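# Coordinates in review
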Amino acid sequence: GESIQHSIAGSIFVGKGWLVLINQVRRKNPLIHCITNDVVTNFTANGLLAVGAAPVMTANHEEVAEVAKTADGLLLNTGTLTPYQYEGMRLAARSANENDTPIVLDPVAVGATTYRTRVVRELLKEIKVDVIRGNGGEIAALIGMHSDMHGVEGKSDQPPEILAEKAANVWRTMVCVTGEVDAVSDGENTYLIKNGHSWLSRVVGTGCLLGAIVSAYIAAKENNADILRSVPEALSHYGIAAEDAFARAKEDGIGTFQQRFLDALGFINNDHTYERANIEQV
Ligand code: ATP
Ligand code: TZP
Ligand code: MG
Ligand code: MG
């Protein structure tokens, strides 16, 4: 588009007109229905509040369809998946699909157990998800490639942009692979995001919260064409918040980092991130 500048290397970097979605998130205060794991619920709810979204957590079969219908986004996270919760996800997702509520799926620990790998594939066949967000191991496992899972942590020997593009084509949805470098692809357009800090992987739930925040950014977009930009913008902002948090917490440690990170998510705005966003089209 007209807002994109070309670099000498041939890659395309973001230009003016990007990184404004945080303002829309704060203006819209999108309601994000999260069916997520027991480890990260509180952190996820606080992180959503920090960026200006509104969290609601429930997997209750009696009410999930109603909540997913009125929500602006639905997050499905399989971190501590039970058969009851899985059924709740199906009911919520069906309602979300019927009511045009966008869905983000975080397939936590897919590839680590047979049950999770099976049910997540079943879910993806039954419902339409807008974005899948996972680490390299999880996304590799989702497309039947070799993955190296260590509980909920996962690696792949493939670069993230290859995994994201392949998975986007296999599952016909946007895919976001995170790690030291993040990649986002819709199968045709692929972006690399190089913001963030390694301490993010030393605090539990930072992947899970990212999925929720991606959902908030998608919900804040003004039209469908923006969705391909919403995800790199969310990732870049998230990474810049981590860089800020590290600068303030490095003398103290990861407990302080976790708090500073929540603080930084609340402070980010498009003015101070514009110069530092490292998003590149490949
Ligand atoms: P895992 O359980 O394997 O740690 P995850 O689901 O927690 O995976 P991550 O891949 O850790 O998800 O991604 C969470 C956030 O941390 C993303 O914003 C990602 O960019 C960032 N991140 C992870 N590792 C690094 C790193 N080494 N350097 C910079 N940012 C990182
Ligand atoms: N066990 C089940 S879910 C979970 C753990 C440790 C949290 C995973 O969080 P993240 O964001 O993938 O690091
Ligand atoms: Mg992690
Ligand atoms: Mg994870």
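The coordinates are above.
This structure is a prediction, so every number in the text was calculated from the model and none was measured.

### Regarding the site of ligand 2
- Around ligand 2 lies a shell formed by N37, V39, V40, G79, T80, V152, V204, G205, T206, G207 and C208.
- Backbone polar atom of T206 to an oxygen atom of ligand 2: 3.5 Å apart, as the coordinates give it.
- Between ligand 2 and G207, the relevant distance is 3.0 Å, taken from an oxygen atom to a main-chain nitrogen or oxygen of the residue.
- Burial of ligand 2 by the surrounding chains reaches 77%, relative to a free accessible area of 380 Å².
- When its residues are assigned to classes, the shell around ligand 2 shows five nonpolar, six polar and no charged.

### Details of the pairing of strand β10 (residues 174-178)
- Extensive coverage of β10 is indicated by the burial of five of its five residues.
- Where burial is concerned, the two faces of β10 agree: the one with M174, C176 and T178 and the one with V175 and V177 are both buried.
- Where strand β7 (residues 131-135) lies against β10, five bridges are found, and the strand directions are parallel. Residue I132 lies in a different strand from β10, and its bridge partner there is V175.
- Pairing of β10 with strand β11 (residues 182-185), which is carried by three bridges, proceeds in the antiparallel orientation. Note on β11: the bridge partner recorded for V177 is A183.
- Taking the residues that link successive antiparallel strands as the turn, the β10-β11 hairpin has three residues.

### A word on the site of ligand 1
- Around ligand 1 sit 17 residues, and of these R133, N135, T178, D182 and L200 come closest.
- A distance of 3.1 Å separates an oxygen atom of ligand 1 from a polar atom in the side chain of N135.
- Measuring from an oxygen atom of ligand 1, one finds a side-chain N or O atom of T178 at 2.8 Å.
- Relative to its unbound accessible surface of 610 Å², ligand 1 loses 86% to contact with the protein.
- Classifying every residue of the shell around ligand 1 gives four nonpolar, nine polar and four charged.

### Notes on the pattern of salt bridges
- All told, the structure shown has 10 salt bridges when counted by the stated rule.
- Here R90 and E126 are joined by a salt bridge, their closest N and O atoms 2.9 Å apart. Remark: E126 occurs in helix α5 (residues 114-126) and R90 occurs in helix α4 (residues 83-98); sequence separation between them is 36 residues.
- Salt-bridge contacts for D263 lead to R260; the nearest nitrogen and oxygen are separated by 3.4 Å. Placement of both D263 and R260 in helix α10 (residues 254-267) is noted, with a separation of three residues, approximately one turn of the helix.
- With a relative accessible area of 28%, R260 lands in the partly exposed category.

### Some thoughts on helix α7 (residues 160-171)
- Taking 1.5 Å as the rise per residue, α7 with 12 residues should run 16 Å; its terminal C-alpha atoms sit 16 Å apart, in good agreement.
- Here α7 has its buried residues at L163, A164, A167, A168 and W171. The arc enclosing the buried residues of α7, seen along the axis, measures out at 125°, which places them on a common side.
- Buried residues in α7 make contact with α5, β7, α6 (136-142), β10 and β11.
- Immediately beyond the C-terminal end of α7, within one or two residues, lies R172, with a positive phi of roughly 50°.

### Topic: the packing of helix α2 (residues 41-51) against helix α8 (residues 206-220)
- Between α2 and α8, the least distance of the axes is 9 Å, while the angle of their chain directions is 40°. What the angle tells us is that α2 and α8 run oblique. The handedness of the crossing between α2 and α8 comes out as right-handed. Here F43, T44, G47, L48 and V51 of α2 lie close against α8, whose contacting residues are T206, L209, A212, I213 and A216.
- Classifying every residue of the contact of α2 with α8 gives seven nonpolar, three polar and no charged.

### Quick word on the side chain of T44
- Along the chain, T44 falls in helix α2.
- If near-sequence neighbours (up to four positions away) are discounted, T44 is found in contact with C34, M57, L209 and A212.

### Regarding the nonpolar core
- Counting residues in hydrophobic clusters, the biggest one holds 47 residues, and the most contacted among them are V214, V231, F261 and L265.
- Of all the elements in the fold, those that place two or more residues in this core are α1 (21-28), β3 (31-35), α2, β10, β12 (190-193), α8, α9 (227-249) and α10.
- Ignoring anything within four residues of it in the chain, the contact list for V231 reads V131, M174, C176, V184, V214 and I218.
- Counting residues in each nonpolar core, the second largest holds 36 residues, with A96, L123, L124 and A141 among its members.

Cut-offs used in this document
- Residues numbered from 1 in each chain as written.
- Chains lettered and ligands numbered in written order.
- Predicted model: local features only at pLDDT ≥ 70, side-chain atom pairs only at ≥ 80, totals over all residues.
- Heavy atoms only, no water.
- Near = heavy atom within 4 Å.
- Polar contact = N/O pair within 3.5 Å; in protein donor to acceptor, adjacent residues only side chain to side chain.
- Areas by Shrake-Rupley, 256 points an atom, 1.4 Å probe, with all protein chains shown as cover.
- Nonpolar A, V, L, I, M, F, W, Y, C, P; charged D, E, K, R; others polar.
- Buried < 20%, exposed > 50% of the residue type's maximum accessible area, 1.4 Å probe, protein only.
- Helix = DSSP H or I, 4+ residues; strand = E, 2+ residues; numbered from the N terminus.
- Pairing = 2+ DSSP bridges.
- Salt bridge = Lys/Arg side-chain N within 4 Å of Asp/Glu carboxyl O.
- Expected span 1.5 Å × (residues − 1).
- Arc of directions from axis to C-beta.
- Contact = heavy atoms within 4.5 Å.
- Axes fitted to C-alpha atoms, helices over the stretch in contact; angles between N-to-C directions.
- Parallel < 35°, antiparallel > 145°, perpendicular 65-115°, else oblique.
- Left-handed = near helix turned anticlockwise from the far one by under 90°.
- Core = buried A, V, L, I, M, F, W, Y, C linked by side-chain atoms within 4.5 Å.

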